[in-house]
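A closer look at the structure
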Amino acid sequence: MSDNCLVDIRAQNILSKLKRMPVGFHVLVESDGCRRRTQNKSIPLSDSGSEWEDEIPLPSNAFEKVRFTLYASFELQPMLGSGESLYSSETCVEQFVGGTHLIPFSPGESGGPSLLITLVRRYSNHLEVALSGDDSNVDLEESSALVHETNSGQQALLRYHDTYQRKDLESAVQHFECAWRKCPSTHRCRAAVLVNLAKAKFIGYQADPTSANLDQLIPLYREALGLRLPGHPDRPATLLLLARALLICYEQQGCDESIADEINELVSKSRDFSEDTHERRAANLVLETLERYRIVKSGGLEEIDGLVHKLEVSARVPPDGYFDVSQRLINLSTSLWRRYEKRGELDDLNRSLDINKQALQRLPAYDPDRLPGLRTLGAALWKLFELRRDLSYLRELIALDEEASQLTPEGHPERPYWVTNYKSHRAEMLEYFGNTAFEARKYDEAIAQYSEAVKVLRSSS
């Protein structure tokens, strides 16, 4: 008698179309009432997948169903909750008995996400199959209440990223706050609880700065960083989250150099980032964005030229569909616009416009991250309208103002800017049509006067 056993699982092409970058991935295997999870592993920068060599027993019945679910996790160790379910597929054991089998999560999509499964048959006198390499079972945490609140919060956050409904974001914050209140300061998952709450509040702040306070969420990141000492697998991701929050402070506080120094200390001088990692790439993007803020605000032409060249290279670094491409394009577009303001070359204006549109096409319609791109796009369109008096630019501007107004609720600090723009552009449109109508009336009156004069001349001749 023999038993089936998975000995290798490889997830392929799983990085594209992600709305946020996880720190790790794992696979949940369900069959015959049993649930088994692989180790939680990160993905090298040079790869688009992850591989597990965990041995997982499967039913000996060839017709038994097996479900594979790929999860993203937002901490590596210890992991709190299940993470975010990305893809799922079900198949019969007989489909991959005796070799390697490809399980596509999106059948018919070439190069789409998939699992490559290798299965072997073990004889019954073989040593007992080793458990999954994960250091704990599926429901591993000491406190089931923490797991419940965390999973509920992640599910609400996932719904928010799908539909951008404020109620889902508020629900996520409430669940994470509940987990935070229930989590003792000495709990091994304390850092994960702090980071989850801080991230949800930060997303809320981006959507509506009146709903959260950076001065309240930044200490949560700092406390988590203090718990994840150098060498901890989740320290690089925590450093990045803190640096991104400080980056917003830097921009809002007029490029305060003390904040810039702290960001550089966290990201540039840190030895926590290995070169071949997504965290290192994301850290470089933080530094590029920091440099863009400073140079666009106060840099000279020579500095702007150097920045544009650097950002052109950066925009070509990540693969198509990678989650941070839009930010890289917005950095480049904003810098080109600033160079146009300094030098006045139309090529910079046109390139800024085109690149900005590419960036916005990659962001969902209700994503608050669209606002910086919309600001630069609006400035470029208005300049083109002034130069060419082409009504299509004005129409595009009004549509853009309406979109931005949807992203800036009452109380949002940018709402007055967009409301004023909308009124101004509408007035310009009305004036344009008013002048056109006036000119048309003058033309009609002139034709009528000419026709009357011709009649008079003919009657007198």
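Here's what I pulled together on the structure shown here. Just so it is clear, the structure is predicted and the values come from calculations on it, not from any experiment.

Once that is clear, we can look at the overall build of the protein. For the protein, the count of helices and strands is 13 helices and 9 strands. Looking at the protein as a whole, 50% of its 461 residues are labelled buried. If you sum the accessible surface of the protein, you get close to 22700 Å²; carbon and sulfur atoms cover 49% of it.

Moving on: the environment of Thr186. Relative to the assigned elements, Thr186 resides in the loop between helix 2 (166-182) and helix 3 (190-207). Along the primary structure Thr186 and Leu227 are separated by 41 residues, whereas in three dimensions their C-alpha atoms are 9.9 Å apart.

A few words now on the pairing of strand 6 (residues 65-73). Across the 9 residues of strand 6, 7 count as buried, placing the element largely inside the fold. Summarising the sheet, strand 2 (residues 24-31) and strand 6 pair through 8 bridges and their orientation is antiparallel. Across the sheet, the residue bridging to Leu28 is Thr69, located in strand 6. Here strand 6 runs beside strand 7 (residues 84-92); their pairing, made up of 8 bridges, is antiparallel.

To continue, consider helix 11 (residues 370-388). Between its first and last C-alpha, helix 11 extends 26 Å over 19 residues, near the 27 Å set by a 1.5 Å rise per residue. When we look at burial in helix 11, the residues that qualify are Arg370, Leu371, Gly373, Leu374, Thr376, Leu377, Gly378, Ala380, Leu381, Leu384 and Phe385. Directly after helix 11, the chain includes Arg389, whose backbone phi takes a positive value near 50°.

Turning our eyes to something else, we now look at the pairing of strand 3 (residues 34-37). For strand 2 and strand 3, the ladder comprises 4 bridges, and the chain directions are antiparallel. Paired with Ser31 across the two strands is Cys34, which belongs to strand 3.

Moving on, we come to unusual backbone geometry. For the bond from Gln77 to Pro78, the omega torsion is -15°, close enough to zero to count as cis. With respect to the secondary-structure elements, Pro78 resides in the loop between strand 6 and strand 7. Even without glycine at this site, Arg389 takes up a positive phi of about 50°. Residue position: Arg389 is located in the loop between helix 11 and helix 12 (391-407). For Arg389, a relative accessible area of 41% gives the class partly exposed.

So, about helix 3. Note: α-helices contain 3.6 residues per turn, so residues at a spacing of three or four share the same orientation. Taking 1.5 Å as the rise per residue, helix 3 with 18 residues should run 26 Å; its terminal C-alpha atoms sit 26 Å apart, in good agreement. Counting buried residues in helix 3 gives 17 out of 18 residues, a clear majority hidden from the surface.

According to the stated counting rule, one finds 0 disulfides in the structure shown. Of all cysteine sulfurs, the one in Cys189 lies closest to Cys183, which takes part in no disulfide; the gap is 7.1 Å. Overall, Cys183 belongs to the buried group, its relative accessible area being 5%.

Spatially, 3-2-6-7 is the arrangement adopted by the 4 strands of the open sheet, whose pairing is antiparallel. Across the chains shown, the open sheet's two edge strands, defined by having one partner strand only, are strand 3 and strand 7. Strand-to-strand, the axes of this sheet are offset by a mean angle of 20°, without reference to chain direction.

Scanning the entire structure with this criterion turns up 6 aromatic pairs. Pairing Tyr417 with Trp418 gives two aromatic rings, centres 4.9 Å apart and planes at 85°, and the pair type is edge-to-face. For Tyr417, a relative accessible area of 39% gives the class partly exposed. The class for Trp418 is buried, based on a relative accessible area of 1%.

Thresholds applied
Residues numbered from 1 in each chain as written. Predicted model: local features only at pLDDT ≥ 70, side-chain atom pairs only at ≥ 80, totals over all residues. Heavy atoms only, no water. Helix = DSSP H or I, 4+ residues; strand = E, 2+ residues; numbered from the N terminus. Buried < 20%, exposed > 50% of the residue type's maximum accessible area, 1.4 Å probe, protein only. Areas by Shrake-Rupley, 256 points an atom, 1.4 Å probe, with all protein chains shown as cover. Pairing = 2+ DSSP bridges. Expected span 1.5 Å × (residues − 1). Disulfide = S-S within 2.5 Å. Axes fitted to C-alpha atoms, helices over the stretch in contact; angles between N-to-C directions. Phe/Tyr/Trp six-rings, centres within 6.5 Å; stacked < 30°, edge-to-face > 60°.

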